[in-house]
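# Descriptive analysis of the structure
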There are 2 protein chains.
Amino acid sequence: MSETRSRRAGGRAARQAARMHAHVERVPFLTRTMAPVEMLSEEGLATIEANADRILQEVGIEFHDAPDALELFAGAGADVEGERVRFPSGLCRSLVQATAPEQFTQVARNRANDVVFGGQGTIFAPAYGSPFVRDLDGGRRYGTIEDFRNFVKLAYASPWLHHSGGTVCEPVDVPVNKRHFDMVYAHLRYSDKPFMGSVTRPERARDTVDMARVVFGADFVEQNTVLFSLINANSPLVWDASMLGAARAYAEANQAVMMTPFILAGAMSPSTVAATCAQTLAESLAGMAYVQLVRAGAPVVLGSFASSMSMQSGAPTFGTPEPALVLYVMAALARRLGVPFRSGGALTASKIADAQAAYESANTMQPTMLAGVNFVLHAAGWLEGGLSMGYEKFVLDADQLGMWHSFARGVDLSENGQAMDAFTTNEPGTHFLGHPHTLANFEQAFYRSPVADNSSFEQWESEGAKDAAARANALWKRTLAEYEAPPIDDAVDEELREWIDRRKASFPDASE
Amino acid sequence: MSETRSRRAGGRAARQAARMHAHVERVPFLTRTMAPVEMLSEEGLATIEANADRILQEVGIEFHDAPDALELFAGAGADVEGERVRFPSGLCRSLVQATAPEQFTQVARNRANDVVFGGQGTIFAPAYGSPFVRDLDGGRRYGTIEDFRNFVKLAYASPWLHHSGGTVCEPVDVPVNKRHFDMVYAHLRYSDKPFMGSVTRPERARDTVDMARVVFGADFVEQNTVLFSLINANSPLVWDASMLGAARAYAEANQAVMMTPFILAGAMSPSTVAATCAQTLAESLAGMAYVQLVRAGAPVVLGSFASSMSMQSGAPTFGTPEPALVLYVMAALARRLGVPFRSGGALTASKIADAQAAYESANTMQPTMLAGVNFVLHAAGWLEGGLSMGYEKFVLDADQLGMWHSFARGVDLSENGQAMDAFTTNEPGTHFLGHPHTLANFEQAFYRSPVADNSSFEQWESEGAKDAAARANALWKRTLAEYEAPPIDDAVDEELREWIDRRKASFPDASE
């Protein structure tokens, strides 16, 4: 990589991009002003930490087909027996605390969109990984690369999504072995927000890093986190080679990963909240310790995804009380550990953007925000337990994300916020609509939803008696119609596309 | 009232009722195990208290057509000028704190349904006051006494509603001047949960007390709170004669009232959170102080209902961030004052039970629960800013109330909850579905929703691709079809009906 390229990210192109895109509303990632809500006492949290430590020590974690992990952990003092690793008390925790950063920045192609992981920050990203998409016109169908680009564009256009996400849907019309090129290219070309890399195979993670090097410059990538990727455990208590290999590829390049147990409680963990938390902590600690052994100081995030399940059918259920409690506890455990935390989202088992979808999504997003989650994957679009990405759901969820920006500012106790002059200059029984204080605060007083209908019954009926999903349908279509791609340096774009073409040409045509 | 009657409430009839109704699932009012969530520091809360005190002192409150209030406050040391009362610093607060109970019990016809107001308790009641009802079959129409009875029956049948509420809808087919008899009778006959009295005129409040005396016995009513009623301020800073008269009637009979400013912020208060809180506190304090002057020790509840508004149309908006912040702050202020607190509910501006309705309702119910509200009016059924009571919405909301019962229990840290034996007896990579710990916890592990669809897309489609509202439609119909009235002593019922007939006959036929 040339010097020219390594200067790009912070240089002329970025400044130009920022100038040219003044018309796209930009809102920085959210900074919460209130203390996180705690559901357990210090003592309760310490109990769960002790249980996680005991799981790591007595039961251990299996690392499947990952000789490098076994070797690294043996070298660090763990007891390795076949593929099973048992950890001396406190080993994983001390490995993580010794070198993992408490906060880190993910640099975006447009530096105005950089995000900081950790502390009081919260970053919203679209839903991830669904093979299907759904809209009111076409119903449910397999996702395509066009759908993928559409969701990248919708996230780019929304002021409330700070992150472009990763596999916003599976582009099933592209061969599996070439899909990651088109996905990463879409994030780089149709958005200038930070994004997530490919994790399905270690070489695809390396391809993602190489593409980032083309755009950001190799030196810049070595010095900065420009990629952030989702690494899932194979619960209970197993990490697999493919995921670990991807994590390794990113960590070696100093790029960030979130080590996330994805747990259907009752199946992949015992059915209780406390046990699911202890297991999640144990699994994530082992994963994060591995990353620190690969490259000390590589940015890691403690991830937690826990759902309840229908004890009749075994299907995952969402928006129920138990995963909400898991979320509050895991956020507190991540704070005590000192690493950024990922969880939550607008999760639902509903197939459509109906009342079930909204109730369940809100029941996860409320704990997400109040517990103090740092990175919120699945913040918009998720349907059907993650099997489907919904266009209308995306719009409805993004509106909620906007509200959280207002909420997170907390109560304004400034002189204007207290408004005592308004009281002393207004008679009892006289409304405040025309009062100078109201007129001065008119524009910003309350969050304005673009999709909620607050009109009279008669007006709503005369406008077609539409439900929220029908109104959302019009909104995403308008957004896509008005979409303009962010600028990119033509030479960089050309080099990136040539690089992709060369790599694609080196693959057999058939998908795997 | 005879001695026989005064013994009824705690006596044979109550025990018999409890025995005969073992088949109706009863769940006691909810007791939260977690600390309330605070959004402001002690200092911030003190600032709002000081502002409320200054409003009471400098601006004062007007009591319209209420000479008794002016006289009582003048006697207590307030400055009365026309209908305006200005209060020396701290007067209202000290009047309330001197005699208002921190907690009180409302006795139900079936003592198993008694509810305690205050502390960590939370009581759920249906929505209140809508002229319209709505269901999927008939759409929106004026409420009738049949609808009224239906909602009383639905609340009775739901384990998650602890309270029968009050004006669950307006029975528009009954003349206004006789409506309260039929409403109170419906609560007493079709439910045995606690309920709310009439407040539209002082004499209707007295009628409610008289009806309670017939059923509970006069001596029992004098000694116990069996009625709880909603008294609204006429914000900003006005209390009206009709509402105060009803409050007086109840307080004189030692029955409970909630003194509730109903505020559309931006119109009835300045548009900021801090100002809306200060005004709500000032208005409610003045109302509660009045009640304590009428009868020291009469149970009072600090009520708060605050919505945001559309600054374009002036319409109230719900589920927005600003009223959520008001709710958190008001709950904290009520705790500091030492009186029970009423707020919240499943509020929405949506006309139907769609995603907007659910998102907005959840956005109010979450703060309602986390802030620690003691009495939740409008916990089920509310639509269209309170103009309509929805059958399907009622079912969807009640399901959410069920979830809150699980959430409020918090994290189980018992040995079974920690489940360490499950970990030490299960190999990594082996699921927990068949593990003895899972089998032992199977039934109670996760909240089971009767209305959420968690099945596969294919199954959902084969069952008609119903949305949540359509499923709720079937549920309320089944509940009404299976409804059985709670038992009542035939002699009491006859006496009550005769009493009502006599009173009705004394009225002119025309409604007012």
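Residues numbered from 1 in each chain as written. Chains lettered and ligands numbered in written order. Predicted model: local features only at pLDDT ≥ 70, side-chain atom pairs only at ≥ 80, totals over all residues. Heavy atoms only, no water.

## Points about the side chain of Glu 62 of chain A
- You can see Glu 62 of chain A is positioned in strand E2 (residues 61-64).
- Here the side chain of Glu 62 of chain A touches His 64 of chain A through a polar contact of 2.9 Å, side chain to side chain.
- Among all residues touching Glu 62 of chain A, those that are not within four sequence positions of it are Glu 83, Arg 84, Leu 237, Val 238 and Trp 239 of chain A together with Pro 428 of chain B. (Helix = DSSP H or I, 4+ residues; strand = E, 2+ residues; numbered from the N terminus. Polar contact = N/O pair within 3.5 Å; in protein donor to acceptor, adjacent residues only side chain to side chain. Contact = heavy atoms within 4.5 Å.)

## Observations concerning the interface of chain B and chain A
- Each partner contributes residues to the interface: chain B has 111 residues there, and chain A has 111 residues.
- Of the roughly 9200 Å² buried at the junction of chain B and chain A (both faces included), carbon and sulfur atoms supply 69%.
- Considering only the side of chain B, the residues that lose the most area to chain A are Tyr 359, Phe 423 and Phe 446 of chain B, jointly responsible for 9% of the buried surface there.
- Where chain B meets chain A, there are six salt bridges.
- Residue Arg 84 of chain B is joined to Glu 427 of chain A by a salt bridge in which the shortest nitrogen-to-oxygen separation is 2.5 Å.
- The tally of links from chain B across to chain A stands at 28 residue pairs in polar contact (both at pLDDT 80 or more).
- In terms of residue count, the dominant contributor to the side of chain B that touches chain A is helix H13 (residues 355-371) of chain B (eleven residues).
- Of the residues assigned to the side of chain B that touches chain A, the class counts are 56 nonpolar, 36 polar and 19 charged. (Buried area = accessible area lost by both parts, 1.4 Å probe. Salt bridge = Lys/Arg side-chain N within 4 Å of Asp/Glu carboxyl O. Nonpolar A, V, L, I, M, F, W, Y, C, P; charged D, E, K, R; others polar.)

## Side note on the sheet that holds strand E4 (residues 84-86) of chain A
Residue and element names in this part refer to chain A.
- Spatially, four strands are ordered E3-E4-E2-E12 in an open sheet, and the strand pairing comes out mixed. Each of the sheet's edge strands pairs with one partner strand only, and the pair in question is strand E3 (79-81) and strand E12 (238-240). Averaged over all pairs of adjacent strands, the angle between strand axes in this sheet comes to 25°, irrespective of strand direction.
- By the bridge criterion, two bridges tie E2 to E4 in an arrangement that is antiparallel. Bridge pairing in E4 links Glu 62 to Arg 84.
- The sheet contacts of helix H10 (residues 241-252) involve E2 and E12, and relative to E12 the element is tilted by about 70°. (Pairing = 2+ DSSP bridges. Axes fitted to C-alpha atoms, helices over the stretch in contact; angles between N-to-C directions.)

## Topic: the relation of the copies chain B and chain A
- Each copy superposes on the other: chain B lies on chain A with an RMSD of 0.0 Å after a rotation of 180° and an axial shift of 0.0 Å. Such a turn and shift between the copies fits a two-fold axis. Taking C-alpha positions as reference, the residue of chain B nearest the rotation axis is Ala 355 of chain B, located at 2.1 Å.
- Taken together, the interface assignments show that 100% of the residues at the interface of chain B recur at the interface of chain A, consistent with an identical surface on both copies. (Least-squares fit on C-alpha atoms with pLDDT ≥ 70 in both.)

## Quick look at helix H7 (residues 176-190) of chain B
- If you check H7 of chain B, its first and last C-alpha atoms are 21 Å apart, about what 15 residues at 1.5 Å a residue would give, namely 21 Å.
- Across the 15 residues that make up H7 of chain B, a large majority, 14, are buried. (Expected span 1.5 Å × (residues − 1). Buried < 20%, exposed > 50% of the residue type's maximum accessible area, 1.4 Å probe, protein only.)

## What to know about the pattern of salt bridges
All names here are of chain A.
- Applying the stated criterion to the full structure yields 56 salt bridges over all chains.
- Across the pair Arg 140 and Glu 384 runs a salt bridge, and its minimum N-O distance is 2.6 Å. Here Arg 140, found in strand E9 (residues 139-142), pairs with Glu 384, found in the loop between strand E20 (382-383) and strand E21 (388-390); they are 244 residues apart in sequence, far enough to count as distant.
- Residue Arg 140 is classed as buried on the basis of its relative accessible area, which comes to 18%.

## Observations concerning the confidence of the model for chain A
All names here are of chain A.
- Of the residues in chain A, 95% reach a pLDDT of 70 or more, and the chain-wide mean stands at 94.
- Contacts from residues 1-11, a stretch scored under 50 in pLDDT, to residues over four places away or in other chains number 24 contacts.
- Here residues 17-22 scores under 50 on pLDDT; set against residues more than four positions off or in separate chains, the count is ten contacts. (pLDDT = per-residue confidence, 0-100.)

## Some remarks on the packing of aromatic side chains
- This model, assessed by the stated rule, comprises 46 aromatic pairs over all chains.
- Judged by centre distance (6.2 Å) and plane angle (55°), the rings of Trp 160 of chain B and Tyr 447 of chain B are tilted. Highlighted residues: Trp 160 of chain B in the loop between helix H6 (145-157) and H7 and Tyr 447 of chain B in the loop between helix H17 (436-441) and helix H18 (457-462), separated in sequence by 287 residues.
- Positioned above the aromatic ring of Phe 132 of chain A, the side-chain terminus of Arg 140 of chain A is 3.6 Å from the ring centre.
- A cation over an aromatic ring shows up here: Arg 140 of chain A above the ring of Phe 457 of chain B, its NZ or CZ 3.9 Å from the ring centre. (Phe/Tyr/Trp six-rings, centres within 6.5 Å; stacked < 30°, edge-to-face > 60°. Lys NZ or Arg CZ within 6 Å of the ring centre and 35° of its normal.)

## Here we look at a negative patch on the surface
- A grouping of Asp 490, Glu 494, Glu 498 and Asp 501 of chain A is seen on the molecular surface, where their side chains present a negatively charged patch.
- The class for Glu 494 of chain A is partly exposed, based on a relative accessible area of 46%. (Patch = residues over 30% accessible without salt bridge, like charges linked within 9 Å, V, L, I, M, F, W, Y side chains within 5 Å. Areas by Shrake-Rupley, 256 points an atom, 1.4 Å probe, with all protein chains shown as cover. Lys, Arg positive; Asp, Glu negative; His and termini not counted. Charge placed at Lys NZ, Arg CZ, Asp CG, Glu CD.)

## Structural notes on the sheet that holds strand E3 (residues 79-81) of chain B
All names here are of chain B.
- Taken in spatial order, the four strands line up as E3-E4-E2-E12 in an open sheet, and their pairing is mixed. Only two strands of the sheet have a single neighbouring strand rather than two, namely E3 and strand E12 (238-240). Across the sheet, the mean angle separating the axes of adjacent strands is 25° when strand polarity is ignored.
- Packing against the sheet, helix H10 (residues 241-252) makes contact with strand E2 (61-64) and E12, and its axis sits at approximately 70° to E12.

## A word on the packing of helix H14 (residues 391-408) of chain A against helix H12 (residues 321-337) of chain B
- It is the contact of H14 of chain A with H12 of chain B, at a shortest axis distance of 9 Å, that shows an interaxial angle of 40°. When the axis of H14 of chain A is compared with that of H12 of chain B, the two are oblique. In this structure, H14 of chain A crosses over H12 of chain B, and the sense of that crossing is right-handed. From H14 of chain A, Met 403, Ser 406 and Phe 407 of chain A reach across to H12 of chain B, where they touch Pro 321, Glu 322, Ala 324, Leu 325 and Tyr 328 of chain B. (Parallel < 35°, antiparallel > 145°, perpendicular 65-115°, else oblique. Left-handed = near helix turned anticlockwise from the far one by under 90°.)

## Observations regarding the side chain of Asp 53 of chain B
Residue and element names in this part refer to chain B.
- Among the secondary structure elements, Asp 53 is positioned in helix H3 (residues 42-59).
- Nearest to the buried, unbridged Asp 53 among oppositely charged side chains is Arg 93, at 6.5 Å.
- At a separation of 2.8 Å, a polar atom in the side chain of Asp 53 contacts the main-chain amide nitrogen of Gly 90.
- Sequence-distant contacts of Asp 53, that is, excluding residues within four places in its chain, are made with Ser 89 and Gly 90.

## Some points on the packing of helix H5 (residues 91-99) of chain B against helix H11 (residues 273-294) of chain B
Residue and element names in this part refer to chain B.
- Running from N to C, H5 and H11 cross one another at 50°; their axes reach a closest spacing of 8 Å. When the axes of H5 and H11 are compared, the pair comes out oblique. Relative to H11, the crossing made by H5 is left-handed. Along the contact surface, H5 presents Cys 92, Arg 93, Leu 95, Val 96 and Thr 99, while H11 presents Leu 281, Leu 285, Ala 286, Met 288, Ala 289, Gln 292 and Leu 293.
- Of the residues assigned to the contact of H5 with H11, the class counts are nine nonpolar, two polar and one charged.

## Let's talk about H10 of chain A
Residues and elements named next belong to chain A.
- Its twelve residues give H10 an end-to-end C-alpha distance of 16 Å, which sits within 8% of 16 Å, the value for a rise of 1.5 Å per residue.
- Taken as a whole, H10 has its buried residues at Met 243, Leu 244, Gly 245, Ala 246, Ala 247, Ala 249, Tyr 250 and Ala 251.
- Looking at the residues trailing H10, positive phi occurs at Asn 254, about 65°.

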